[in-house]
Amino acid sequence: MAGRTRTNCTDGCARMIEVQSLSKHFGPIVAVDDVSFAVGRGEVLGFLGPNGAGKSTTMRMIAGFLAPTGGTARVCGFDVIEQPIEVKRRIGYLPEGAPSYADMTPKSFLSFTAAARGLGGAAAARHIGEAIERTQIASVLERPIDTLSKGYKRRVALAQALLHDPEVLILDEPTDGLDPNQKHEVRTLIREMAPRKTIVISTHLLEEVSAVCTRAIVIAGGKLVADSTPLELEARSRLHNAVSLRLGGIAAAAARERLAALSGVGEVEIIEATESAAALRVCPRNGHPIIGEVSRLVHERGWTVEEIRVEQGHLDEVFRTITAGRG
Amino acid sequence: MSKVLVVFRREFAGYFTTPLAYVFLVVFLALAGALTFYIGNFFDRGQADLQPFFTFHPWLYLFLIPAISMRLWAEERKSGTIELLLTLPVSVPEAVIGKFLAAWAFTGVALLLTFPMWITVNVLGHPDNGVILAGYVGSFIMAGAFLAIGACMSALTKNQVIAFVVACAVCFLFILSGTPMVLNFAEAWLPQVLVDAVASFSFLTHFNNITKGVIELRDLVFLGSVMGLFLYANVLLVELKKAA
């Protein structure tokens, strides 16, 4: 331990999770390849990536379930390999698939978790009560977990992660299998907790990233391929700031020619071409707003506009572009 | 130490929430009785002791202990709850010992429930109860050794059946290591010193004394070492699977 200072995180700690050059090899397979990032308090980090990209493996390494093959991961200053118990104390972890002890009831399962986390007596009861309330599982407390629906099972597992009010939450697909209402509730819960905690979630749902995350990391083929805010990622889409319009009484081809001639315009797609109307999408050359130019052109030409709107970038398009061929 | 208790409580209660415990106990007690009274010639011997009862314990344990231990780690792996367990602030040794103690305590319950035997022999004659007590203690310790083997084999695989079969096989080897079947094989390629060592691993040899109510230090050391060795291997296996 010579030369290594034990940095405990107090309120002033900016980097709750620090991952440097983290790698994981399963024999010849490289599951995680040299991933580095840091997350601070108040941040909600979204892990995006195709299936098998290495998201869950990375989370497992941070949570201390898998030992890294290379690199380091620190939580609140504690190294996951050197001081695993300290790390585990500070993390609430929801594993992929929300596993739980099938024969236990949510009540006994939460009691076990509380005891394992060193909570006793009145403190345990209070924490358990809060976790139950937040995840709204009060109605199924005494039923064996394997008789519960998928949504409830996930909420029980989430309750287990929240139980000890940890500083760091690592949630692997927290809304998977939940109906839209439940998804909304869980996302609201995450947003509520976010200012006081450091949260990492993994998800396939791009709407979740926009709804909940302050930052998004895209992992594909084990490598980190993007690390920015959801808005910045959206801006990478070629559709960002595109203008979709529906014109009446004009041939699509002619409209397209005129629009393509504008300086800020890159591509113009014809979405629909009928006798009486033309629907086009005008993409900017380099992401800058073109609505000004387009509306001036429309006005000059006197075209009849039935519909016009500016598009937000589509995350799924960005996602596809970034992760294409790397799955 | 308290974390060990937390794991212990969960695992021990877990045995009783399914029919597993009850089926096991009934089968164990029925077999123990059948073996003692019929094959052990309990009545014909005309002696007031429980030697025929204890003699069959290694053979009972051979099949029934792997049945208790097979789920200890294999089921956790299969259902994914191992990921929950190992991300709690509980160290691997604490988890291993907690589970082992729960299985051992359960075996203890099974042994305790054979008390009708003890009552029977006391009603029918005047046995040396100290000898009988020593027999129970010795049997309990031997069960612990079997369990340590079973738990270790459970950590090898996700499949409970494989865990069961492999545990049976290893226990079988240990029981029979003093017999020609195993020794002939050992003699073929080990020096005599090691062959003697293998012969001394036999559970049967060590247990023979125990059936007579004699608990020698040598037997305790042997059984304790087997327990310690396999528990240690258990910890290593669980850690290894994490790193894999």
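Every chain's residues receive numbers from 1 upward, in the order its sequence appears when written. Just so you know, chain letters begin at A and ligand numbers begin at 1, following the order they were written in. Predicted model: local features are reported for residues with pLDDT of at least 70 only, side-chain atom pairs are reported and counted for 80 or more only, and whole-chain, interface and lining totals are derived from all residues.

Peer 1: Even after reading the chapter, I still don't get the overall build of chain B, so can you show me in this structure?
Peer 2: Counting secondary structure elements, chain B contains 15 helices and zero strands. C-alpha atoms define the radius of gyration, and 2.2 Å times the number of residues to the power 0.38 defines the globule rule. Rg of the C-alpha trace for chain B: 19 Å, near the compact-globule value of 18 Å for 244 residues, within the 12% margin. Across its three principal directions, the C-alpha atoms of chain B cover 55 × 50 × 30 Å. Counting all 244 residues of chain B, 43% fall into the buried class. Any residue pair is listed as a contact if its two C-beta atoms, each placed from the backbone, are within 7 Å. A fraction of 79% describes how many contacts in chain B between residues 6 or more apart in sequence connect residues 24 or more apart. Helix numbering and strand numbering both begin at the N terminus, where a helix is a DSSP run of H or I of at least 4 residues and a strand a DSSP run of E of at least 2. The burial label depends on the number of other C-beta atoms within 10 Å of a residue's C-beta. Counts of 20 or more mean buried, 12 or fewer mean exposed, and intermediate counts mean partly exposed, with C-beta atoms placed from the backbone.

Peer 1: Looking at this structure, I do not really get the confidence of the model for chain B. What am I missing?
Peer 2: Low pLDDT marks stretches whose predicted atomic positions should not be read closely. All names here are of chain B. Per-residue confidence from the prediction method is given by pLDDT, with values spanning 0 to 100. Chain-level pLDDT for chain B is 89 on average; 99% of the residues reach the 70-or-more range. When the elements of chain B are averaged for pLDDT, helix 12 (residues 180-189) gives the smallest value, 78, and helix 8 (residues 92-112) the largest, 95. Overall fold confidence (pTM) sits at 0.86, and the ipTM for the predicted complex is 0.88.

Peer 1: Sorry, what's going on with the nonpolar core here?
Peer 2: For soluble globular proteins, the rule of thumb is that nonpolar side chains tend to be buried together. Grouped together as the largest cluster of nonpolar side chains are 140 residues, with contacts concentrated most on A:Ile62, A:Val75, A:Ile170 and B:Ala148. Ranked by residues supplied to this core, first place goes to helix 10 (residues 129-154) of chain B with 12 residues. Ignoring anything within four residues of it in the chain, the contact list for B:Ala148 reads B:Phe100, B:Val226, B:Met227, B:Phe230 and B:Leu231. A set of buried Ala, Val, Leu, Ile, Met, Phe, Trp, Tyr and Cys residues, joined through C-beta atoms within 7 Å, is what we mean by a nonpolar core. Core analysis: the next-biggest nonpolar cluster, separate from the first, contains 14 residues, A:Ala255, A:Ala278, A:Leu280 and A:Ile290 among them.

Peer 1: Hey, could you run me through the interface of chain A and chain B in this one?
Peer 2: In many reports, interface size means the accessible area that the parts give up when they come together. Taken together, the contacts link 20 residues of chain A with 19 residues of chain B. Broken down by secondary-structure element, the contributors of at least two residues to the side of chain A that touches chain B are helix 2 (84-90) and helix 3 (106-116) of chain A. Under this grouping Gly is polar, as are all residues other than the nonpolar Ala, Val, Leu, Ile, Met, Phe, Trp, Tyr, Cys and Pro and the charged Asp, Glu, Lys and Arg. Of the residues assigned to the side of chain A that touches chain B, the class counts are 13 nonpolar, three polar and four charged.

Peer 1: Just checking my understanding: could you explain unusual backbone geometry for this structure?
Peer 2: With glycine set apart, most residues show a phi of negative sign, and most peptide bonds adopt trans. Even without being glycine, A:Asp34 reaches a positive phi, approximately 55°. If you trace the backbone, A:Asp34 turns up in strand 2 (residues 29-39). Despite not being glycine, B:Asn41 shows a phi value in the positive range, around 50°. Looking at the element boundaries, B:Asn41 is found in the loop between helix 2 (19-39) and helix 3 (42-45).

Peer 1: In this structure, what is going on with helix 6 (residues 180-193) of chain A? I would like to understand it.
Peer 2: Residues lying three or four places apart along an α-helix face the same way, a consequence of the helix completing one turn every 3.6 residues. All names here are of chain A. Taking 1.5 Å per residue as the helical rise, helix 6 with its 14 residues ought to reach 20 Å, and the 20 Å between its terminal C-alpha atoms agrees with that figure. By the burial criterion, the buried members of helix 6 are Val-186, Arg-187 and Ile-190. Axial view of helix 6: buried residues confined to an arc of 100°, hence all on one face. Seen from the open side of helix 6, the exposed residues pointing more than 90 degrees away from its buried face are Asn-181, Thr-188 and Glu-192. Looking at the buried side of helix 6, the elements it contacts are strand 3 (44-48), strand 8 (198-202) and helix 7 (206-212). Here, expected helix span is obtained from the residue count minus one, scaled by 1.5 Å. When we speak of the arc, we mean the arc of directions from the helix axis to the C-beta atoms.

Peer 1: Sorry if this is basic, but what is going on with the environment of A:Val80 here?
Peer 2: Residue and element names in this part refer to chain A. Relative to the helices and strands, Val-80 is located in the loop between strand 5 (78-79) and helix 2. A tally of 25 C-beta atoms within 10 Å means that Val-80 is categorised as buried. Along the chain, Val-80 and Pro-68 lie 12 residues apart, while their C-alpha atoms are 9.2 Å from each other. Excluding its chain neighbours within four sequence positions, the residues that come into contact with Val-80 are Met-61, Ile-62, Gly-64, Ala-73, Val-75 and Val-87.

Peer 1: Even after reading the chapter, I still don't get the sheet that holds strand 5 of chain A, so can you show me in this structure?
Peer 2: Pairing between the strands of a sheet is mediated by backbone hydrogen bonds and can be parallel or antiparallel. Residues and elements named next belong to chain A. At least two bridges found by DSSP between two strands is the condition for calling them paired. Spatially, the four strands line up as an open sheet ordered 2-1-4-5, and their pairing is antiparallel. Unpaired on one side and paired on the other, strand 2 and strand 5 mark the two borders of the sheet. In terms of strand pairing, strand 4 (residues 70-75) meets strand 5 through two bridges, oriented antiparallel. Among the inter-strand pairings, Arg-74 is bridged to a residue of strand 5, identified as Asp-79. Lying on the sheet, helix 1 (residues 55-63) is in contact with strand 1 (17-26), strand 2 and strand 4; it crosses strand 1 at an angle near 120°. Angles shown run from 0 to 180 degrees and are taken between the N-to-C directions of axes, each axis being a line fitted to C-alpha atoms and, for helices, limited to the stretch in contact.

Peer 1: Looking at this structure, I do not really get the sheet that holds strand 3 of chain A. What am I missing?
Peer 2: All names here are of chain A. An order of 6-7-8-3-9-10 is seen for the six strands of this open sheet, with the pairing classed as mixed. With one partner strand each, in any of the chains shown, strand 6 (91-94) and strand 10 (223-228) form the two edges of the open sheet. Across the sheet, the mean angle from the axis of one strand to that of its neighbour is 15°, orientation sign disregarded. Sheet topology places strand 9 (residues 215-220) next to strand 10; five bridges connect them, and they run antiparallel.

Peer 1: What exactly am I supposed to notice about the confidence of the model for chain A here?
Peer 2: All names here are of chain A. The predicted model of chain A averages 88 in pLDDT, with 95% of residues at 70 or higher. Confidence, read as mean pLDDT per element, is least for helix 11 (residues 315-323) in chain A (81) and greatest for strand 6 (96). The model gives residues 1-9 a pLDDT under 50, and that stretch makes seven contacts with residues more than four places away or in other chains.

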